[in-house]
Amino acid sequence: MIHSQNSSFEVEGMERHEIEIFLTLAEELHFGRTAERTGVSQSRVSQTIAKLERRIGVKLFARTSRQVALTAIGQQLRGGIEPAHRRIQEEIAKATAAGRGITGVLRVGFSGSFTSNLILQAADGFSARHPGIELHIQQVQISDPYASLRAGGVDLQVTELPIDEPDLTVGPVLISQPRALLLPAGHSFARHASISVEDLAEMTLLTVGGAVPDHWREHHFPRRTPTGRPIPQGQAILYWEDVLSLVLAGKGVCPVSAAGERYYMQPGLAFVPFRDAPPIEYALVWPSARGTAKVRAFARSAHEFTRSLGGPERVLDTL
């Protein structure tokens, strides 16, 4: 029984679709968006709400040509059924997850600060949907990017493309960012508005050592410019943190995602965008032999999260 100051009424026999449409409209306050979220027509939303209002005997929403708002009784109804509906959804999600094997520990790797920020935020939605999963987020070493995946240290990770490994499955692209060059603030090219890949022939390029595939290294740290000019090669780094100190010391320059400026900028450094380099794309990757239900569920959830932010090109604008 739900009581108001002027009347009392009882909501009996509300079906699941009615509850979901009512609660979605109470959140969106827009019939079109409610129809889109619930997967029904806008007229079906209107009919469902009208049917509820006739059954209850009072208006649940105040509607004008410009605005939709909950009435006092509508607010009271929402407050009464929303917590119970949420608990039911959580229990259904737990049971479904258990039935599909989406339980236990899931270890997710990342390569840099902004990818970790993305994963941590995407993990919130995944955890709400799959409360039976215990998530562990950890960094992977740039100089041996797939070792932890293959050894089982992480179940999946966000990694810079390209990936051409027969035993690994590449999932959706989560981030796509313009490429920039990290260089000392005193470097002559630091004063340029942009640079060309051809300009690398006049600098010393830091590179990555360790067990990095040749095709990946050549894509990000080329030995020659597009016209064939040799690019001087500097020290090979093993950890991302080494890049900042080496560039500050004037030991070389390093191609990076333009997003790095937001996370790593400090006195003595400059980030100059490339005008002719392809973007850096980051995708989820996991061992093909261990593409479990929980791995695929996280990949879907993370992809949905990035799409909700506007897609791979817009992700970092909103984080």
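The following refers to the structure shown. None of the values given here were measured: they were computed from a predicted structure.

## Some details on the sheet that holds strand 9 (residues 179-184)
With antiparallel pairing, the three strands of this open sheet are ordered in space as 12-9-13. Looking at the sheet topology across the chains shown, the edges are occupied by strand 12 (254-257) and strand 13 (269-273). Geometrically, the sheet is characterised by an average inter-axis angle of 40° between neighbouring strands, direction not taken into account. Both strand 9 and strand 12 contribute to a ladder of four bridges, which runs antiparallel. If you follow Leu182 over to strand 12, its bridge partner there is Cys254.

## Structural notes on the side chain of Arg179
Relative to the helices and strands, Arg179 resides in strand 9. Of the side chains bearing the opposite charge, Glu281 lies closest to the buried Arg179, which forms no salt bridge; the N-O distance is 8.5 Å. Here His220 takes part through its side chain, which lies 3.2 Å from a polar atom of the side chain of Arg179. Here Pro279 takes part through its backbone oxygen, which lies 3.4 Å from a polar atom of the side chain of Arg179.

## A short note on the packing of helix 1 (residues 16-28) against helix 3 (residues 42-56)
Contact geometry for helix 1 and helix 3: axes closest at 10 Å, N-to-C directions at 105°. In terms of orientation, helix 1 lies roughly perpendicular with respect to helix 3. Residues His17, Glu18, Ile21, Phe22 and Leu25 of helix 1 lie in contact with helix 3, whose contacting residues are Arg44, Val45, Thr48, Ile49, Lys51, Leu52 and Arg55. Looking at the contact of helix 1 with helix 3, its residues break down into six nonpolar, two polar and four charged.

## Observations regarding helix 10 (residues 293-308)
Under the 1.5 Å per step criterion, the end-to-end length of helix 10 is 22 Å for 16 residues, consistent within 8% with the ideal 22 Å. Every buried residue of helix 10 is accounted for by Ala293, Lys294, Val295, Ala297, Phe298, Ala299, Ser301, Ala302, Phe305 and Thr306. Remark: Gly310 follows helix 10 within two positions and exhibits a positive phi of approximately 115°.

## Topic: empty space enclosed by the protein
Any empty space left between atoms is shown by rolling a water-sized probe over those atoms. In the structure shown here, the tally under the stated rule is two cavities of 30 Å³ or more. In terms of lining, the largest cavity is formed by 18 residues, of which the most central are Ile142, Glu160, Trp240, Val256 and Tyr282. Among the elements of the structure, helix 7 (214-220), strand 12, helix 9 (260-264) and strand 14 (280-287) are those that each provide at least two residues to the lining of the largest cavity. Element by element, the count of residues in the lining of the largest cavity is highest for strand 12, at four residues. The residue inventory of the lining of the largest cavity, partitioned by class, reads eleven nonpolar, five polar and two charged. Of the pockets and cavities examined, the second largest cavity occupies roughly 80 Å³. What lines the second largest cavity is simply Ser111, Val140, Gln141, Ile142, Pro145, Gln157, Val158, Thr159, Glu160 and Trp216. The leading source of residues in the lining of the second largest cavity is strand 7 (residues 156-160), at four residues. Looking at side-chain class alone, the lining of the second largest cavity contains five nonpolar, four polar and one charged residues.

## A look at the packing of helix 5 (residues 113-129) against helix 10
Relative orientation of the contacting elements helix 5 and helix 10 amounts to 115°, with a least axis distance of 9 Å. Considering the relative orientation of helix 5 and helix 10, their crossing is right-handed. Contacts between helix 5 and helix 10 involve Leu118, Ile119, Gln121, Ala122, Ala123, Gly125, Phe126 and Arg129 from the former and Lys294, Ala297, Phe298, Ser301, Ala302, Glu304, Phe305 and Thr306 from the latter. Partitioning the contact of helix 5 with helix 10 into residue classes produces nine nonpolar, four polar and three charged.

## Quick look at the layout of surface pockets
Roughly 160 Å³ of volume is contained in the second largest pocket. Taken together, 15 residues make up the lining of the second largest pocket; nearest its centre are Val197, Leu200, His219, Pro222 and Ala277. Broken down by element, the residue count for the lining of the second largest pocket peaks at three residues, all from helix 7. Looking at the lining of the second largest pocket residue by residue, the classes come out as eight nonpolar, three polar and four charged.

Conventions used here
The numbering scheme is per chain: residues are counted from 1 as the chain's sequence reads. Thresholds applied to this predicted model are a pLDDT of at least 70 for local features of residues and 80 or more for the giving and counting of side-chain atom pairs; totals over whole chains, interfaces and linings are not thresholded and use all residues. Note that water and hydrogens are dropped before the side-chain values are worked out from all heavy atoms of the structure. Strand pairing is assigned whenever DSSP detects at least two bridges linking the two strands. Segments assigned H or I by DSSP are reported as helices when at least four residues long, segments assigned E as strands when at least two residues long, and all are numbered from the N terminus. All axes here are fitted lines through C-alpha atoms, helices being fitted over the stretch that makes contact, and every angle between N-to-C directions spans 0 to 180 degrees. Buried means the residue's accessible area, taken with a 1.4 Å probe over protein chains only, is under 20% of the maximum for its type, while exposed means over 50%, and partly exposed covers the values in between. Positive charges come from Lys and Arg alone, negative charges from Asp and Glu alone, with His and the N- and C-terminal ends not counted. Basic side-chain nitrogens of Lys or Arg form a salt bridge, by our definition, when they fall within 4 Å of a carboxyl oxygen of Asp or Glu. Whenever two N or O atoms come within 3.5 Å, that pair is a polar contact, provided that in protein one can donate a hydrogen and the other can accept it, and provided that, for residues adjacent in sequence, both atoms are side-chain atoms. Under this scheme an angle from 65 to 115 degrees is roughly perpendicular, one under 35 degrees roughly parallel, and one over 145 degrees roughly antiparallel; angles in between are oblique. By definition in these notes, contact holds between two residues if any of their heavy atoms fall within 4.5 Å. Residues are sorted three ways: Asp, Glu, Lys and Arg are charged, Ala, Val, Leu, Ile, Met, Phe, Trp, Tyr, Cys and Pro are nonpolar, and all the rest, Gly among them, are polar. Here a helix's expected span is defined as the number of its residues, less one, multiplied by 1.5 Å. Think of a 1 Å grid over just the protein atoms. A cavity is a set of points where a 1.4 Å probe fits yet cannot get out, a pocket is an open set with protein on both sides within 12 Å along at least five of seven lines, and lining residues have an atom within 4 Å of a point. Grid points are joined across faces, edges and corners, and a volume is the space filled by probe spheres set on the points. Crossings are assigned a handedness: left-handed for a near helix turned anticlockwise from the far helix by less than a right angle, right-handed for a clockwise turn.

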